[in-house]
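This is what each chain is made of:
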Protein chains: 4
Amino acid sequence: MIVNMSTIATKKEIDHVIERIKECGYQAHVIEGTERTVIGAVGNGGRRSEIEALRAAPGVQEVIQITHPFKLVSLQLRQRRTVVDVRGVKIGGGDLVVIAGPCSVESGEQLRETALAVKAAGAQMLRGGAYKPRTSPYDFQGLGVEALRLLREAGDETGLPIVTEVMSEADVEIVAEYADMLQVGARNMQNFSLLRKLAKFARPILLKRGPSATIKEWLLAAEYLLAGGNANVVLCERGIKTFETATRNTLDLSAIALAKELSHLPVLADPSHGTGLRSLVPPMSKAAAAAGADGLMIEVHPCPERALSDGPQSLDLPGFAALMRELGQQPLKEVRAA
Amino acid sequence: MIVNMSTIATKKEIDHVIERIKECGYQAHVIEGTERTVIGAVGNGGRRSEIEALRAAPGVQEVIQITHPFKLVSLQLRQRRTVVDVRGVKIGGGDLVVIAGPCSVESGEQLRETALAVKAAGAQMLRGGAYKPRTSPYDFQGLGVEALRLLREAGDETGLPIVTEVMSEADVEIVAEYADMLQVGARNMQNFSLLRKLAKFARPILLKRGPSATIKEWLLAAEYLLAGGNANVVLCERGIKTFETATRNTLDLSAIALAKELSHLPVLADPSHGTGLRSLVPPMSKAAAAAGADGLMIEVHPCPERALSDGPQSLDLPGFAALMRELGQQPLKEVRAA
Amino acid sequence: MIVNMSTIATKKEIDHVIERIKECGYQAHVIEGTERTVIGAVGNGGRRSEIEALRAAPGVQEVIQITHPFKLVSLQLRQRRTVVDVRGVKIGGGDLVVIAGPCSVESGEQLRETALAVKAAGAQMLRGGAYKPRTSPYDFQGLGVEALRLLREAGDETGLPIVTEVMSEADVEIVAEYADMLQVGARNMQNFSLLRKLAKFARPILLKRGPSATIKEWLLAAEYLLAGGNANVVLCERGIKTFETATRNTLDLSAIALAKELSHLPVLADPSHGTGLRSLVPPMSKAAAAAGADGLMIEVHPCPERALSDGPQSLDLPGFAALMRELGQQPLKEVRAA
Amino acid sequence: MIVNMSTIATKKEIDHVIERIKECGYQAHVIEGTERTVIGAVGNGGRRSEIEALRAAPGVQEVIQITHPFKLVSLQLRQRRTVVDVRGVKIGGGDLVVIAGPCSVESGEQLRETALAVKAAGAQMLRGGAYKPRTSPYDFQGLGVEALRLLREAGDETGLPIVTEVMSEADVEIVAEYADMLQVGARNMQNFSLLRKLAKFARPILLKRGPSATIKEWLLAAEYLLAGGNANVVLCERGIKTFETATRNTLDLSAIALAKELSHLPVLADPSHGTGLRSLVPPMSKAAAAAGADGLMIEVHPCPERALSDGPQSLDLPGFAALMRELGQQPLKEVRAA
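Calculation notes
Residues numbered from 1 in each chain as written. Chains lettered and ligands numbered in written order. Predicted model: local features only at pLDDT ≥ 70, side-chain atom pairs only at ≥ 80, totals over all residues. Contact = placed C-beta atoms within 7 Å. Helix = DSSP H or I, 4+ residues; strand = E, 2+ residues; numbered from the N terminus. Axes fitted to C-alpha atoms, helices over the stretch in contact; angles between N-to-C directions. Parallel < 35°, antiparallel > 145°, perpendicular 65-115°, else oblique. Left-handed = near helix turned anticlockwise from the far one by under 90°. Nonpolar A, V, L, I, M, F, W, Y, C, P; charged D, E, K, R; others polar. Expected span 1.5 Å × (residues − 1). Buried ≥ 20, exposed ≤ 12 C-beta atoms within 10 Å, placed from the backbone. Domains from an automatic or database assignment. Least-squares fit on C-alpha atoms with pLDDT ≥ 70 in both. Pairing = 2+ DSSP bridges. Core = buried A, V, L, I, M, F, W, Y, C linked by C-beta atoms within 7 Å. Arc of directions from axis to C-beta. Right-handed = clockwise from strand over helix to strand, strands pointing away.

Taken together, the 22 residues of chain D in the interface contact 22 residues of chain A. Those elements giving two or more residues to the side of chain D that touches chain A turn out to be strand S1 (2–5), strand S2 (27–32) and strand S3 (37–42) of chain D. Per element, the largest residue contribution to the side of chain D that touches chain A is 3 residues, and it comes from S3 of chain D.

Shown next as structure tokens:
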């Protein structure tokens, strides 16, 4: 770390900072400039947070971190990309993996129809919400365990591994019983209690980026999972909050390219939440693939205008099939119930 | 709700929307403009989310909500302001309530020294973190139950009610055992599972605004608490994420004024997290009070440059006392240990 | 427009609004809901801004615009895409047009070397800054007219049409004398005086999106040009300001897809400014093309680490050639000086 | 500046950076850490922008600026606050200066009525728009020179100095002929051609912060004025663009406190544009004063619901008088036309 002293810092203030750096277990390298003094704290194993707190010491202008604080998620440190295997589907292995399904599981019929259609169109995994984080308490909150059961059935019938969101620490066990992959939603990206619990489970995790999370904060949330023992983590960019109101969020595709530069974890894009507008899902799906995404997560509904949630951003079944053809995904020759 | 049809919508598309509005339990009022048709969905008790989903129907350009979706938090519907009583301290009763204390409880000594000092300076409540939501898993995570015990002791000794954050559903019972008021942190503002659990407890809640939450989303998070049965809710603005990097967050004081216009709940400001810079805490404290805040939440540490978290934004003890004088808060004549 | 009355609006307040709507030249359609009254202002040719001002009338909660305020840039109204011809290069005609060159023109040698190299790699137009809008007055401000002369020379030698920014109304004539296309920079997107002057010139305009401009504001800036008489306008997305600091801006590719949905004007992407990081330029170039961009604007420098501006985001010559191959652009067999 | 090398930088890459730092006129101080090497560029008068460009050199992770790039606006370097005198009204002298008037000058009658009323209520200066930067070309664009004439008349009659926006370089002379203070609007904050021209005029300048300008960018825009020869600059915070849509902008009061910490220039707040909502103008006016603003700029209209621009955020005459009383401003005993 670098401690940047004020231009009017006194010798005593500078000496105090040097003293504190040593106390915290680092060496102090002093650079006396023409305008100000800058002090580097060098070494390993020192008490980093105490150096950060020196920002509060007299005469200090700022404390600059020069090392990335993540370790286990770093590509530079591992030098090999992670491939996450979700019941045979390999995410990060080079092929574009498409996860599709309804925002919410609404009924057995709705889910089964969607599952068969997305499989036929070439999707490799099925998504569907059982527990829904809704802005308003008066909106549809999901079917819960009943939805998990329906997802399992649809997954078994189609052979598609299933992913669904777990909103609560209390639900981790029950969701893990049914689902092949557990999703941490954007609003829970920094629910560290949930992350710590999920780290103990031997299930792949899909970690969505929070709507106001920097790329660094997102990778550090993943670091919680890896540090806790779960290395099967897939990141998912789903749009950030900006001043633009024409789209629901701003899908930040550069975050995908940069996350893959910084980390060995696979990265997906969710153009449905990322844009909030059905017409933008196809162009942004193609753009995400071109930016290097390892896969896509797309909301599909047999009748979007009757969806209990996220209708405006859901593709209908023919729309999804058309997109898959544009993406060059292999549609299946035939789909048979198992 | 208003359904705004595209300028090129066909008669069939318009009729379909009218049909659907009726099916959902509303009356349809059609306004035929020169360029386009606009259809109002009028009535109570209809299936609102299905009208929203009409955004996905052919020929629909947008669906505009014209009613605020919150009910129980609304000032217009209640017409009377809420005063939250935290063991005798009345928040929202007209006097500025100052809650002060360290970001993290680090030791009994640190906490006791701070508690006595903030009480002497006129603070009415004590804050201190036991469970800390930290961006990095390698940062200090709080002393947990031990911190709760120390907070209780300091609260009992000084007579100051205590408030501390509860990060996990699993910790609600233990935190409620020790604390007088439970804080939901900014990152957990939309942790709906936690909100639903807290709604069942007979403890006042301090609900921080999420860093990317609109005022509407913030009030709807409070609505979860009220709808679940807990009406003792205090809101707290603590800064939002913007492009500005000179401050840690952008403290949105207009959100305080607007929240008080829309809701009957008391609203506090947290200028410590809101700015991230010690020198800005005094001016923004005074500004928050002038904007109509019912109170302030301020981080204070006996030695900020050695704080295990948030040192740069913490006032030291004399700095806090000076601010209290500027705020015109009554310092105590004497402070006696109980 | 829709005037949404407060739930506690009185009959007198409602009548006043109806009266005003009529005075402004519209018909008033009243929808009496269960909770509130909503009034539609219907018609053409009324005084729209006065209806907007009704937001300030007693009993009014909000005034909602339901028509897009742009006319000449609208695809819906024109139904045919614009192709802008810049001395033979057709932007919007279906092929991806790549504009490349240095951020600033620094010398004849630097520009000529770059121009020959980008032409050899397949670029169709040459860019280069003569007048540079720099955040600090102490940074390199461009070579001015000398740079214009060098650009013309390089353009003539390679046959590449040239585009350069015009920062000042006072410079429009001189820049138009040398350049084939005039660029309005992001900071000047709402410099309406400049736009009005440029609208009078028979030169194609490249209009960059402002760093905090919504898509609607961007299209309305273009509307100034079209309304003023210049229909040869190309839009360019170059990243918006968000909370993310790992990239210089956040390149909003969904804005490209949406701008093309709303408007008939061609849209380019500038991944250099959009990301600020050289390593992200190739993936974001490919992503922009996949999202439907009509072209790319890319900064290239023979030696980025010695560039007088924007070195960190500039590709070097081999890097640009490699990107062009990845984009499937036709490299030239041979390049001869004319 | 600090050059932070990658953890995998080679010795050759490090040596190259050291070499370049020397070539650019600085000394290179090398700190070899356990993980990486960090190199300080020390000295004065070197070619700073070339060091920044080293970000593009192989093995470099980032280049960190540690000095603020502003000189003439800096409080640290001047150590004395600027008081700007606008025809006898002293801004920055300790008293809160209130500038009030209509958004646009619409007629002689409207302006005269407003001017007399705001003077009676205690305002010290009169504002009014003659040239209006409007998002849409179809909105009211201002009365131009006729408005300037009316402003001059109202100013002369009331004795209030007048301030009005200059949008175009071409209008600087004519506006300076009539107005006592020239305003640079938010959209033109980085219209450097306009700033350079204004720097040559002996008129006080009111420089609004751009909607996406960081505090640093804002101060550097002021630096253009001071470096060009005009030291009579007053800054004005008027809200920034954020994700919040309930207010027109987010008024960033911490920017006022921080600008006054960094710079000797006076700083005003514009709560009218900052919030866009009439009801929020009084609380935010008081908050701005408490945060340390040197004055306020407030939109006032005799009949806001008929205003040609910004009606929703304009106070009416009694509303303004009431606010002035709340602010403790001295209302005049009598107002006589001169």
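That covers the picture; the talk isn't over yet.
Further remarks concern the packing of helix H4 (residues 108–121) of chain C against helix H12 (residues 317–326) of chain C. Residue and element names in this part refer to chain C. For the pair H4 and H12, the least separation of the axes is 9 Å and the interaxial angle reads 20 degrees. Viewed along their axes, H4 and H12 adopt a mutual orientation that is roughly parallel. Note on packing geometry: the crossing formed by H4 with H12 is right-handed. Where H4 abuts H12, its residues Ala 117, Val 118 and Ala 121 lie against Leu 317, Phe 320, Ala 321 and Met 324. Tallied by class, residues from the contact of H4 with H12 come to 7 nonpolar, no polar and no charged.

We now examine the interface of chain C and chain D. With 43 residues of chain C in contact, the opposing surface of chain D contributes 43 residues. Broken down by secondary-structure element, the contributors of at least two residues to the side of chain C that touches chain D are helix H2 (48–53), helix H7 (192–198) and helix H8 (215–228) of chain C. Looking at the side of chain C that touches chain D, the element that brings in the most residues is H8 of chain C, giving 5 residues. A class-by-class count of the residues in the side of chain C that touches chain D yields 20 nonpolar, 12 polar and 11 charged.

Residue and element names in this part refer to chain A. Spanning 14 residues, helix H4 (residues 108–121) covers 20 Å between terminal C-alpha atoms, matching the ideal 20 Å at 1.5 Å per step. Buried within H4 are the following residues: Gln 110, Leu 111, Thr 114, Ala 115, Ala 117, Val 118, Lys 119 and Ala 121. Of the surrounding secondary structure, the elements contacted by the buried residues of H4 are strand S7 (97–101), strand S8 (125–127), helix H5 (145–158) and helix H12 (317–326). Once H4 ends, the next one or two residues include Gly 122, with phi positive near 115 degrees.

As far as domains go, chain A holds domain 1 (2–64) and domain 2 (75–326). Distance between the C-alpha centres of domain 1 of chain A and domain 2 of chain A: 44 Å.

Right, let's get into the relation of the copies chain C and chain D. Mapping chain C onto chain D calls for a screw motion: a turn of 180 degrees about the axis and a shift of 0.0 Å along it, with 0.0 Å RMSD after fitting. Classification of the inter-copy transformation places it as that of a two-fold axis. Closest to the rotation axis within chain C is the C-alpha of Ser 212 of chain C, separated from it by 2.8 Å. Comparing interface residues between copies, 100% of those in chain C also sit at the interface in chain D, which points to an isologous, same-surface contact.

Once that is clear, we can look at the relation of the copies chain D and chain A. Superposing chain D onto chain A takes a rotation of 180 degrees plus a shift of 0.0 Å along the axis, which leaves an RMSD of 0.0 Å. With an isologous cut-off of 70% or more, the 100% of interface residues of chain D that recur at the interface of chain A puts this contact in the isologous class.

Below, the discussion takes up the sheet that holds strand S4 (residues 60–64) of chain C. Residue and element names in this part refer to chain C. Read from one edge of the open sheet, 4 strands run S2-S3-S1-S4, paired in antiparallel fashion. The open sheet has two edge strands, strand S2 (27–32) and S4, and neither has a second partner. Averaged over all neighbouring strand pairs, the angle between strand axes comes to 20 degrees, with direction disregarded. Pairing analysis gives 4 bridges linking strand S1 (residues 2–5) to S4, with the strands arranged antiparallel. The partner of Met 5 across the bridge, within S4, is Val 60. Against the sheet, helix H1 (residues 11–23) touches S1, S2, strand S3 (37–42) and S4, its axis set at about 5 degrees to S3.

One finds Leu 253 of chain A, Leu 253 of chain B, Leu 253 of chain C together with Leu 253 of chain D to be the most contacted residues of the largest nonpolar core, which totals 367 residues. If near-sequence neighbours (up to four positions away) are discounted, Leu 253 of chain B is found in contact with Ala 269, Ala 287, Ala 288 and Ala 291 of chain B together with Leu 253, Met 284 and Ala 287 of chain D.

Turning our eyes to something else, we now look at the pairing of strand S14 (residues 295–299) of chain B. Residue and element names in this part refer to chain B. Burial analysis of S14 places 5 of its 5 residues in the buried class, the great majority of the element. Of the two faces of S14, the one holding Gly 295, Met 297 and Glu 299 and the one holding Leu 296 and Ile 298 are both buried throughout. Pairing analysis gives 5 bridges linking strand S7 (residues 97–101) to S14, with the strands arranged parallel. Pairing of Ile 99 across the sheet is with Met 297, part of S14.

As a further point, take helix H12 (residues 317–326) of chain B. All names here are of chain B. Residues of H12 that are buried: Leu 317, Phe 320, Ala 321, Leu 323 and Met 324. The buried residues of H12 occupy an angular sector of 160 degrees when projected down its axis, which confines them to one face. Buried-residue contacts for H12 involve S7, helix H4 (108–121), helix H11 (281–291) and S14. Just downstream of H12 lies Gly 328, where phi reads positive at about 75 degrees.

With glycine set apart, most residues show a phi of negative sign, and most peptide bonds adopt trans. Notably, Asp 310 of chain C is not glycine yet its phi reads approximately 60 degrees, a positive angle. Here Asp 310 of chain C shows up in the loop between strand S14 (295–299) and H12.

All names here are of chain A. Within S7, 5 of the 5 residues are buried, leaving the element largely enclosed by the surrounding structure. In terms of strand pairing, S7 meets S8 through 2 bridges, oriented parallel. What sits directly across from Ile 99, in S8, is Met 125. In this fold, the crossover linking S7 to S8 by way of H4 has right-handed handedness.

We now examine the sheet that holds S1 of chain D. All names here are of chain D. If you trace the 4 strands from one edge of the open sheet to the other, you get S2-S3-S1-S4, paired in antiparallel fashion. Looking at the sheet topology across the chains shown, the edges are occupied by S2 and strand S4 (60–64). The average undirected angle you get between the axes of adjacent strands in this sheet is 20 degrees. Both S2 and S3 contribute to a ladder of 6 bridges, which runs antiparallel. Among the inter-strand pairings, Val 30 is bridged to a residue of S3, identified as Ile 39. Helix-sheet contacts for helix H1 (residues 11–23) involve S1, S2, S3 and S4, and the interaxial angle to S3 is about 5 degrees.

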